[in-house]
Amino acid sequence: TAGSHTKIAEFTSSGNPTDWALDNIFTATYDLYLVYLWNYRHVDNNLQWYMRFRTGGASGSNDTSSSYRYMVYKNQRTSGAETNAGDGSWDNSVYKIANYDLSDDTNKPSFLKLLIQKPYNNDTMTTWLHEGVINQSDMTAINHTNGAGIINANTSHTGLSFSAQDSSNKIANGNKAFVY
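Procedures and definitions
- Throughout, a residue's number is its position along its own chain's written sequence, starting from 1.
- Only residues with pLDDT of 70 or above have their local features reported here, since the model is predicted, and side-chain atom pairs are shown and tallied only from 80 upward, although totals for entire chains, interfaces and linings are computed over all residues.
- Water and hydrogen atoms play no part in the side-chain values, which are based on all heavy atoms of the structure.
- The set of buried Ala, Val, Leu, Ile, Met, Phe, Trp, Tyr and Cys residues whose side-chain atoms join them within 4.5 Å is what this entry labels a nonpolar core.
- Each residue is assigned to one of three classes by its accessible area relative to the maximum for its type, calculated with a 1.4 Å probe on protein chains only: buried under 20%, partly exposed between the two thresholds, exposed over 50%.
- Secondary structure elements are taken from DSSP: a helix is a run of H or I of four residues or more, a strand is a run of E of two residues or more, and numbering for both begins at the N terminus.
- Strand pairing is defined by DSSP finding a minimum of two bridges between the two strands.
- An axis is simply a line fitted to the C-alpha atoms; with a helix, the fit covers only the stretch in contact. Between two such axes, the angle follows the N-to-C directions and lies from 0 to 180 degrees.

Q: Which residues make up the nonpolar core, and what values go with them?
A: A general trend in soluble globular proteins is that nonpolar side chains are found buried together. One finds W49, L114, L160 and F162 to be the most contacted residues of the largest nonpolar core, which totals 34 residues. With four residues, the top contributor of residues to this core is strand β3 (residues 32-40).

Q: Before we move on, can you summarise the sheet that holds strand β7 (residues 82-92) with the specific residues and values?
A: Adjacent strands of a sheet pair through backbone hydrogen bonds, lying either parallel or antiparallel. An order of β1-β13-β3-β9-β10-β11-β6-β7 is seen for the eight strands of this open sheet, with the pairing classed as antiparallel. In this open sheet, the two edge strands, each paired with only one partner strand, are β1 (9-12) and β7. With direction set aside, neighbouring strand axes in the sheet form an average angle of 10°. Both strand β6 (residues 68-77) and strand β11 (residues 141-151) contribute to a ladder of ten bridges, which runs antiparallel. Paired with V72 across the bridge in β11 is G147.

Dropping the structure here:
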């Protein structure tokens, strides 16, 4: 139907995982995917927000190859000023959605929208863009973030993973993901 999306999956984080895996969401059926993340928080304050693609389906693993090329921008507002900044990386092992600290309070979550092109097709490099609102460090700042990236390899990806900066930190319970 014109103007509609097909919901592929819905996820809720539980058990405070170090990596929140969204497996079996990409197949050869579609070339373009839309992912909404809302109520997003980490267990601890002041941690950056990372994303990786996954391979291998239900028993998959994170794609940690040094193939992530990206740029991320933020417009930030604090009580005293508005600033803009950019960041990026070439051949990194992770995509940094936010390279600044997220709030961990239940009433101060962040929201993100991802658009991903051809993640399952191993004849085409996976590309994506994101846009979101990040509540930083217990609301000391609010950020509008946007960015884009490409995997510099022809890899078939079947899912996504989100983490709180590194493997020793945890994702909060109750984060939501909707995949279309």
